[in-house]
Structures are given as C-alpha cells and as structure tokens.
Amino acid sequence: MTSATKVYYSQTTQTDSRPLIGSGLRRRRVMTKDGRSNVRMEHIADKRFLYLKDLWTTFIDMQWRYKLVLFSATFAGTWFAFGVIWYLVAVVHGDLLEFDPPANHTPCVMQVHTLTGAFLFSLESQTTIGYGFRYISEECPLAIVLLITQLVLTTIMEIFITGTFLAKIARPKKRAETIKFSQNAVVAQHNGKTCLMIRVANMRKSLLIGCQVTGKLLQTHLTKEGESVRLNQVNVDFQVDTSSDSPFLILPLTFYHVVDDASPFRDVALRTGEGDFELVVILSGTVESTSATCQVRTSYLPEEILWGYEFTPAISLSASGKYVADFSLFDQVVKVTTPCCLHETVRFGDPEKVKLEESLREAAEREREGAPLSVRISNV
C-alpha cells in the first residue's frame, strides 16, 4: 500500500488539487503583469487587531480617498470632542448665561456661553490661529491643564498624520511605473548559448543606481519523499552580457539567463504555451533624486515566453547624431533560428555555426536595405 502524498503551497498545506496555472485559456497568476500580488489571504486570526498594532503601515497603505476622509474626520472630531469638554467646564463652573452668574463672576473661558462657542474656542486653540474675544482666564487651573493637554495630544496626532502623508507621497511607487518590462520573454541563441531574454527600459532621464534584476521560477516541485510543493521558488539569475554587476540603465537593455545544466529551466518545457510554471522578474534599484529604494515586478507565463525569437533593435541614430530609443519597437520580436535543445552541446566558435550565423546576418542585412538606420548597442 502506498502512503498518502502530502501536498503543500510553499509553507501552507494544499487544499486544491488543480494545477498551479490552469489549463484553460485564462491562466492564473501569482503576480500580475504590473507587479501586483494576486494572492488572497484567508482565515487570519485577529486580522483587524494586527492592522491596528501597526498603524503606521496601515495608514501609509490606505487608499487616498479613505486617507483624506480619515484626515478630515480626525481633525473635526478632536475639535468637537474638546469643544464638548470645554462646554462641560463652563457648565461646572457656572459660566453659562442661563445660570445667571453675578456681575463680578470670572468665567474659565471668556465668551463661551454655548456649545458652538466652546467648539470655536477648541478650534482656535488647536489650530493656534490666535484668540479673539474668546480666551482663557486665570480663574480655573483645571482649564489651563486641559488646554495644555489638548495642545500636546493634538500636536502628536498632527505629526503622525502629516508624517504618513509625506511617507505616502515620497514612496517610489510612481517612479516604478516608469520602468518598463517587455510583454514577452524570448528564447534564442546568444554568444553560442541558449538564453532566455527579457528587455527592460527606464523611461525617465533620471537614473536608477545599483540596479539588480533577479528572477523567481514558481512551479510545482515533487520531492524525493513524495511531497508535492506548490509555488516552489527557485532563483533565476539574469545578467547583461557577461557581467552580473549593476547595469547602466540609460538605454533599453536586454537581460539574459543562460539555459544550461545549472539552470532551473533545464527540466522545463520552454516552448511557447507549454509547461506549468510562472517566471517572476524583479528589478531593484535606488532612485537617484530621492535615494529611495525602488522595486519593479512583472511575471511571464509559458505562453508569454517565445521560443526562437529575439527582440527587434529599438535604438536608432538620428540625423543630428543623437541616439533615439523607439518604444514602438520595444515589445516587437523577430523570428530567428530555433535554439538548440537544452541538452545538446553548443560550442561557441564552431565553424559551421559561425558560417550559418554569417549567412543569416547577410540575409537580414539585405532585408533591411532601404530601412532607417538601426544601431545595435551592446545588448539593446
């Protein structure tokens, strides 16, 4: 008798036996193309309490419309709450006109005879706009303590709310939207090796410092013990040409992953539309103007990885001698010679291969005759 197979979603027990990425036309994603998580959290104990324990992050992650409503309600609410307290002080001290105070009576707060007057005094005190004919007197020490308490508490509250506003505005989220990934990844020969390639571009003139591009291959993995691990994450290394150092992202660049025996794709069917996996690509860098860390994400499903294609050059030289990045060509691909099988040995510098590449290059040049001058810059 065989033992029951245990199945896991990463660290979570699996309750659904369907494939990771559905077999229908609409496949499920863990990460959307624009980098948002497609994971729903369920059955979290005391979820609201956890959010309240981390108010700073909760306020920053809050949508703007709710944040503005909460901002306005907090100020108006504190004005009214302390206005009620000031009104009660006037009631206890007998400052209201209906109590018919004597002529020599000194109220705690001058000219506060109604709840509206108390609200206006609270607003004037908290916003420090300056007192008019409503002001505090020396008659009530309790009122002085109350005024100090109101100013201290509301100042702390204002600092917190203002800080969350500034932190939300300063987040590099909008800067990340100016980093563009190619809609598809391609697989072709590069320097005699089978490579999976993606294209990345910075659409602003300000640079990203210390860029790093990494990938995560998400797929079902069966361990030697018979455990099926859903969304198993395997690192996928990307590089620019032969270097993995920080790239100079001033022009659209093509990042390569060499598919060899050490690659996590060695046992994955990379042909278009085949396989049950998702490739998540992450670009991290520091914004030059603000020094804030920026992270951009996207993902590729099997049908978005094109076998036997390469990217069309997107850099051209203008008549004035300037390099022009044409983003209308950014996602365009061109059919090339089908890459060798992953387990087939490919030797860089093989005479037959070099001869074939030269013939293909000559044919491509003949096809491009009469077209605008296109310049291939490194791996652009």
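Residues numbered from 1 in each chain as written. Predicted model: local features only at pLDDT ≥ 70, side-chain atom pairs only at ≥ 80, totals over all residues. Heavy atoms only, no water.

Draft legend 1. Representation of the overall build of the chain in the model. When you go through the chain residue by residue, the secondary structure sums to seven helices and 15 strands. Out of the 380 residues belonging to the chain, those deemed buried represent 36%. Within the chain, contacts between residues separated by at least 24 positions form 66% of all contacts whose residues are at least 6 apart in sequence. Here the chain has roughly 23300 Å² of accessible surface; of this, 58% comes from carbon and sulfur atoms. (Helix = DSSP H or I, 4+ residues; strand = E, 2+ residues; numbered from the N terminus. Buried < 20%, exposed > 50% of the residue type's maximum accessible area, 1.4 Å probe, protein only. Contact = heavy atoms within 4.5 Å. Areas by Shrake-Rupley, 256 points an atom, 1.4 Å probe, with all protein chains shown as cover.)

Draft legend 2. Main features of the packing of aromatic side chains. Inspection of every chain in the model, using the stated rule, returns nine aromatic pairs. Consider the rings of Trp 64 and Phe 165, whose centres lie 5.5 Å apart with planes at 55 degrees: the pair is tilted. Here Trp 64, found in helix α3 (residues 64-93), pairs with Phe 165, found in helix α5 (residues 141-170); they are 101 residues apart in sequence, far enough to count as distant. Residue Trp 64 is classed as partly exposed on the basis of its relative accessible area, which comes to 36%. Site record: aromatic cluster; members linked through ring pairs are Trp 64, Phe 71, Phe 75, Trp 79 and Phe 165. Its guanidinium or amino end placed over the ring of Phe 165, Lys 67 lies 5.1 Å from that ring's centre, counting from NZ or CZ. Its end group placed over the ring of Trp 64, Lys 168 keeps NZ or CZ at 5.4 Å from the ring centre. (Phe/Tyr/Trp six-rings, centres within 6.5 Å; stacked < 30°, edge-to-face > 60°. Lys NZ or Arg CZ within 6 Å of the ring centre and 35° of its normal.)

Draft legend 3. The arrangement of the side chain of His 257 in detail. Here His 257 is to be found in strand β8 (residues 253-258). Residue His 257 is classed as buried on the basis of its relative accessible area, which comes to 6%. There is a polar contact of 2.8 Å between the side chain of His 257 and the backbone oxygen of Asp 237. The contacts of His 257, once residues within four sequence positions are left out, are Thr 194, Cys 195, Leu 196, Val 236, Asp 237, Phe 238, Ser 263, Pro 264 and Phe 265. (Polar contact = N/O pair within 3.5 Å; in protein donor to acceptor, adjacent residues only side chain to side chain.)

Draft legend 4. Highlighting unusual backbone geometry. In the Ramachandran plot, Asp 100 falls in the positive-phi region, its phi being about 50 degrees despite a non-glycine side chain. Along the chain, the position of Asp 100 falls in the loop between α3 and α4 (115-127). Using a relative accessible area of 65% as the deciding quantity, one classes Asp 100 as exposed. At Ser 291, a position not held by glycine, the phi torsion is positive, near 65 degrees. Within the secondary structure, Ser 291 sits in the loop between β9 (277-287) and β10 (293-300). By relative accessible area, Ser 291 is classed as exposed at 58%.

Draft legend 5. A look at the state of the cysteines. The tally for this structure, following the rule as stated, stands at one disulfide. With a sulfur-sulfur separation of 1.7 Å, Cys 108 is cross-linked through a disulfide to Cys 140. Of note, the bridge from Cys 108 to Cys 140 carries an S-S torsion of about -65 degrees and is left-handed in sense. Separated by 32 residues along the polypeptide, Cys 108 in the loop between α3 and α4 and Cys 140 in the loop between α4 and α5 bring together distant segments of the chain. By the burial criterion, Cys 108 is buried, and Cys 140 matches it. Cys 294 supplies the cysteine sulfur nearest to Cys 211, a cysteine that is in no disulfide, at a spacing of 8.7 Å. (Disulfide = S-S within 2.5 Å.)

By themselves, these are just geometric observations and shouldn't be taken as functional.
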